[in-house]
Structure formats: C-alpha cells, structure tokens
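Structure at a glance
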Amino acid sequence: MKVDVLLGLQWGDEGKGKVVDVLTPRYDVVARFQGGPNAGHTLEFEGQKYVLRSIPSGIFQGNKINIIGNGVVLAPDLFMDEAKDLEKSGHNLKDRLCISKKAHLIMPTHRLLDAAYEQAKGKDKVGTTGKGIGPTYTDKVSRNGLRVGDILDRFEEKYAAHKARHEQMLRALNYTDYDITEVEAKWMEGIEYLKQFQLVDSEHLINKILKEGKSVLCEGAQGTMLDVDFGSYPFVTSSNTICAGACVGLGIGPNKIGEVFGIIKAYCTRVGAGPFPTELFDETGNKIRQIGHEYGAVTGRERRCGWIDLVALRYAIMVSGVTKLIMMKSDVLDSFATIKACTAYKLQDGTVTRDFPFDISEGITPVYEELPGWNCDLTAVTSEEQFPQQLNDYIEFLERELETPIAIISVGPDREQTICR
Ligand code: GDP
Ligand code: IMO
Ligand code: MG
C-alpha cells in the first residue's frame, strides 16, 4: 500500500486540518510527521469548531488510528490541554492515538530560549509562535534532545541536566527574568499524562500497517515557504515541511509515497515576519483579511494577506512532487470584481523570471495576470455543475499555470462545504 501525503504549499494555514478531516474516511491511519504546537489546524462540522495543534486531524472520523511521528516536537503540557479538551467533548483518544518514542520533547526552557533568541534578534526577529520549536529542533540536531521514550526511565535526572544546560544558555543571552515554577509543575503533570498513551516505535507500526494492506494519510504542518531548506530562510520554521519530511518524520521509504496533495488558498497569507512578494497593504488586503477571518489560530495575530503567488507555488509543487492540488477558501473571493494572480517576478535588474529565486527579500515586483471575479455566493454550492463560469476559468488558469490538476475545491469552513471534482 502507498502512503499519501498532504502538505501546505504556501506559508501555512492553507486549510490542511479541514482537508485531512474530509479525506480521513478514505484511510486507515492518519499521521503527523513534523512541527508541533506551532500548528493550528481548524476543523468545523455539525456546528462545532475544533483547533488541533499536535493531535492529527483524523481524530474525529470513526475509529482511525492516529500517529504522532518521530519528526514531531511535543509539548506535554499543551498536549495534555488539547487531549483533555477532546476527551471532554466525548472523543476518546487513548486507544486510537499512538505517539512515537522518538518524538522530541519541548521543555519549558525551550520556550524561554525561543523568546530569548527572538529578543536578541531585535528588528530581525522571525516572529515565531513562541512555542519553543526552534530551540527543540536545534537540540535534536545538536544531539542534545530529550525524547518521549526518555520519560520511561530515569526521567527526572535527564530533565534536570537538560534544564541546567538551558539555564546556562539563557544566562549567556542575558535572559534571566523568568519564573517557570508553575509552568514546570504543569509540564511534569503532562509527562505523567503522556504515560497513559501508547508510546510506540512508530516507524515499525506504520510499516507493519502498510504491509497489512492498510492505507495511511500523512498530515503536514506549516507550508513549503516555511520549510527550513526551501522556504524564505531565515524566516521559516525549523523542520522540513515538504514531502520528504514525511519519509524522515515517520520512517517511510520514498518508494512508498503515493499521491502528494498540495493545499493552497485561492489567495495567499502569511503570519510572522519575512518576505511576501504579493502582500497587499491596501483595502483589498484588508478586505481579504476580514472576509477570510485571517487571524492566527495559535497566536491570534493578524495574518498578512495578498494575491496567489504562482512562482512560489510552482516551486513548492516541484520540491514535493505534488500530484494533486486542493484549493481552499474560494468563497472568500466571492465579492471581488477582479482577481489577480502573480505569474512571474520582475527582478531588480529588470529581468522577468518564472523560477523562484534564491532571495525574495527585496526588489521583487510581481507580474500579475488579472481575471474576472464570479461575484456570487459559493458557500451553498454543492456540485461542480453549479460553479460560475468565472470560477471554472480561474481553476483552469491555475491548472495550466501550475501544470497540476485541482482535485478539490473548498467553499467554506465546514466539512460539508467541499467539492470533489
Ligand atoms: P491549517 O493550519 O492549514 O489547518 O489552516 P488553519 O486552520 O490555520 O486556517 C484555515 C482557516 O480557514 C480555518 O479557520 C478554517 O476553518 C478556515 N477554512 C478552511 N477552508 C475554508 C474555506 O473553504 N472557506 C472559508 N471561508 N474558510 C475556510
Ligand atoms: P499551520 O500548521 C502559519 C510561522 C511563524 C513564524 C515562523 C517560525 O497552522 O499551518 P516557529 O514557531 O515555527 O518557530 O515560527 O513560522 N509558523 C506558521 N505560520 N501556520 C503555521 O502552522 C505556522 N507554524 C509556524 O508565524 O513566522
Ligand atoms: Mg494553521
């Protein structure tokens, strides 16, 4: 059996959570492979809204197995809050959620280090989510990390050594005005809570599942433009958000990858600092933000809004081998007389390129193609036959420019507002 992978292709918040929830009935297993509580994946169904951070978005559909893979970084206290909330609303997790023993733990001091590094960067700060993501992955790569499997043996001792090292780093950064007594107590409670779950060798589990002929959907977090290798570095997250990240973050061979679903918004947003060539600073940008409710699910920050960027998307499709696109939030453009799409970048020296350049931080002028809007309400549309001609034209234009079919169109936040073509 093959593993399908679902990825954000922009700067995150494309609507991955919604799509995973919609697609889950087709799979036996849903697995997260990177990122951590920096993610905020929103799902809506039966009048309820849920935001998931570390728990895979397949948790609401039947008795599917959900896996938190080795590539994920996990904050026990935040995980406990998230899991308890779900249990309170009647969703039993303990027999369906497996957590990799190789996933790294986000310690309270990692969050302090996140803040300290941001403070040290001053005006060049990344605008992180403050969840300790960068410092935790740094510890992992520098061979200093603490893993979920470590909680099963001599944990206090290991924790104390890691904490002492972090405290030394914080002193060197002149970041000493903090008190984590309460946070630490809750974090330790989270560690105990974690022990009630199935802590597994998820690479063995997932490959066994595949051998049994079962199917797996991998749920990406963040998006390609936030990938640590291919994103708008250094304004990125600290993990590989592209398709290859699923192989590394779960222990799956590349030959097992089947479909690669690329999730895009009908326009584009970004939260945090860093370049964004098609960003709109005018009324149009505000209008997209208002209609699209573009405020971060994790931090509540205003999302920056702009037109769709096909140069960046071609690049994202290329580095992940995307086979199918899924377009979200089409309804947000319902009332726009014209819709713009950036098809190329004009560089400082006047050359025009369709290829994503090394540096997009300065001197990029987007070259736009303008298309007529559809000026009607898409939110109640239930089949492709009801699409207005202008929407069909926009879809066809994107498919031509991106050389990839668009398989699903989303016309609202609810599970039901999804049209498979
Ligand atoms: P994720 O991080 O990729 O899962 O996306 P987020 O949940 O952070 O942000 C997507 C937001 O858009 C959420 O509030 C969703 O409920 C909402 N959403 C998803 N699809 C649609 C859609 O087709 N139309 C509208 N209007 N909202 C959508
Ligand atoms: P989902 O999965 C949007 C951004 C942050 C910041 C940068 C680095 O919901 O799409 P980090 O805390 O990861 O070190 O922050 O990445 N960022 C996201 N932006 N959606 C996300 O996740 C994000 N996760 C991180 O805003 O610019
Ligand atoms: Mg999000």
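Look up: the structure comes first, before these words.
Here is a short report on the structure shown in this document.

Description of the environment of Ser54
Inspection of the secondary structure puts Ser54 in the loop between strand 4 (48-52) and strand 5 (65-68). According to the relative accessible area criterion, Ser54 is buried, its value standing at 1%. Separated by 17 residues in the primary sequence, Ser54 and Pro37 have C-alpha atoms spaced 5.5 Å apart. Excluding residues that lie within four positions of it along the chain, Ser54 makes contacts with Arg32, Gly36, Pro37, Ile68, Leu74 and Glu82.

Description of the site of ligand 1
As a matter of local geometry, ligand 1 sits amid 19 residues, with Gly15, Lys16, Thr42, Asp331 and Ser410 nearest to it. The separation between an oxygen atom of ligand 1 and a polar side-chain atom of Asp13 is 2.9 Å. For ligand 1, an oxygen atom lies 3.1 Å from a polar atom in the backbone of Glu14. Contact with the protein chains covers 92% of the free accessible surface of ligand 1, which is 580 Å². Among the cavities detected, the one that contains ligand 1 is the second largest pocket. Of all the secondary structure elements, the ones that give two or more residues to the shell around ligand 1 are helix 1 (16-23) and strand 3 (41-45). Looking at the shell around ligand 1, its residues break down into four nonpolar, seven polar and eight charged.

A word on the pattern of salt bridges
Applying the stated criterion across every chain yields a total of 29 salt bridges. Its salt-bridge partner being Glu294, residue Arg303 comes within 2.7 Å of it at the nearest N-O pair. There is no split in this pair, since Arg303 and Glu294 are both buried. Within this structure, Asp13, Lys265, Glu294, Arg303 and Lys329 form a network of salt bridges that share partners.

A look at empty space enclosed by the protein
Enumeration over the complete set of coordinates arrives at one cavity of 30 Å³ or more. What the largest cavity holds in volume is close to 30 Å³. Class assignment for the residues of the lining of the largest cavity results in six nonpolar, one polar and one charged.

Quick look at the side chain of Thr241
Turning to its location among the elements, Thr241 is positioned in the loop between strand 10 (216-219) and helix 8 (243-250). Among the residues examined, Thr241 registers a relative accessible area of 1% and is labelled buried. Setting aside residues no more than four positions away along its own chain, Thr241 makes contact with Leu7, Gln34, Ala221, Gln222, Gly223, Thr224, Leu226 and Asp227.

Points about the side chain of Asn66
Position of Asn66 among the secondary structure elements: in strand 5. Here the side chain of Asn66 touches Gly58 through a polar contact of 3.3 Å, landing on its backbone nitrogen. From its side chain, Asn66 meets the backbone nitrogen of Ile59 in a polar contact 3.3 Å long. When sequence neighbours within four positions are dropped, the list of residues in contact with Asn66 reads Val30, Pro56, Gly58, Ile59, Arg96, Leu97 and Cys98.

Quick look at the nonpolar core
Among the nonpolar cores identified, the biggest contains 57 residues, and Val5, Leu9, Cys218, Met327, Leu333, Tyr394 and Leu398 are the most heavily contacted of them. Element by element, the count of residues in this core is highest for helix 11 (residues 389-402), at six residues. Of all hydrophobic cores here, the second largest spans 31 residues; its members include Ile68, Leu74, Leu97 and Leu194.

Section: the environment of Cys376
With respect to the element layout, Cys376 can be found in the loop between strand 18 (365-372) and helix 11. In this structure, the C-alpha to C-alpha distance between Cys376 and Asn240, residues 136 residues apart in sequence, is 39 Å. Among residues more than four places away in sequence, those in contact with Cys376 are Asp334 and Pro388.

Brief notes about the coordination of the magnesium ion (ligand 3)
In the first shell of the magnesium ion (ligand 3), the protein supplies Asp13 (OD) and Gly40 (O), at 2.0 to 2.2 Å from the metal. With Asp13 in the loop between strand 1 (3-8) and helix 1 and Gly40 in the loop between strand 2 (29-32) and strand 3, this residue pair connects regions lying 27 residues apart in the sequence. Classification of Asp13 by relative accessible area gives partly exposed; the value is 23%. For Gly40, a relative accessible area of 12% gives the class buried.

Quick look at helix 3 (residues 108-121)
A turn of α-helix holds 3.6 residues, and therefore any two residues three or four places apart point the same way. Its 14 residues give helix 3 an end-to-end C-alpha distance of 20 Å, which sits within 8% of 20 Å, the value for a rise of 1.5 Å per residue. The set of residues buried in helix 3 consists of Pro108, Thr109, His110, Arg111, Leu112, Leu113, Asp114, Ala116 and Glu118. In this fold, the buried residues of helix 3 make contact with helix 2 (76-88), strand 8 (104-105), helix 4 (133-141), helix 5 (155-172) and helix 6 (181-194). In the stretch just after helix 3, Gly122 is the one whose phi turns positive, near 55°.

Regarding the packing of aromatic side chains
Scanning the model with the defined rule gives 15 aromatic pairs in all. Look at Phe155 and Tyr159: their rings are 6.1 Å apart centre to centre, the planes differ by 40°, and that puts the pair in the tilted class. Here the residue Phe155 and the residue Tyr159 both occupy positions in helix 5, the gap between them amounting to four residues, near one helical turn. Accessibility assignment for this pair places Phe155 and Tyr159 in one class, buried. Residue placement shows Lys84 over the ring face of Tyr193; its charged tip is 5.4 Å from the ring centre. Above the ring of Phe336, the side-chain terminus of Lys287 is found at 4.3 Å from the ring centroid.

Definitions and limits used
- Residues numbered from 1 in each chain as written.
- Chains lettered and ligands numbered in written order.
- Predicted model: local features only at pLDDT ≥ 70, side-chain atom pairs only at ≥ 80, totals over all residues.
- Heavy atoms only, no water.
- Helix = DSSP H or I, 4+ residues; strand = E, 2+ residues; numbered from the N terminus.
- Buried < 20%, exposed > 50% of the residue type's maximum accessible area, 1.4 Å probe, protein only.
- Contact = heavy atoms within 4.5 Å.
- Near = heavy atom within 4 Å.
- Polar contact = N/O pair within 3.5 Å; in protein donor to acceptor, adjacent residues only side chain to side chain.
- Areas by Shrake-Rupley, 256 points an atom, 1.4 Å probe, with all protein chains shown as cover.
- 1 Å grid on protein atoms, 1.4 Å probe; cavity = no way out; pocket = protein on both sides within 12 Å on 5 of 7 lines; lining within 4 Å.
- Sits in = over half its atoms within 2 Å of the grid points.
- Nonpolar A, V, L, I, M, F, W, Y, C, P; charged D, E, K, R; others polar.
- Salt bridge = Lys/Arg side-chain N within 4 Å of Asp/Glu carboxyl O.
- Points joined across faces, edges and corners; volume = space filled by probe spheres on them.
- Core = buried A, V, L, I, M, F, W, Y, C linked by side-chain atoms within 4.5 Å.
- Donors = N, O, S within 2.8 Å, 3.2 Å for Na, K, Ca; no water.
- Expected span 1.5 Å × (residues − 1).
- Phe/Tyr/Trp six-rings, centres within 6.5 Å; stacked < 30°, edge-to-face > 60°.
- Lys NZ or Arg CZ within 6 Å of the ring centre and 35° of its normal.

Structural measurements only, silent on function.
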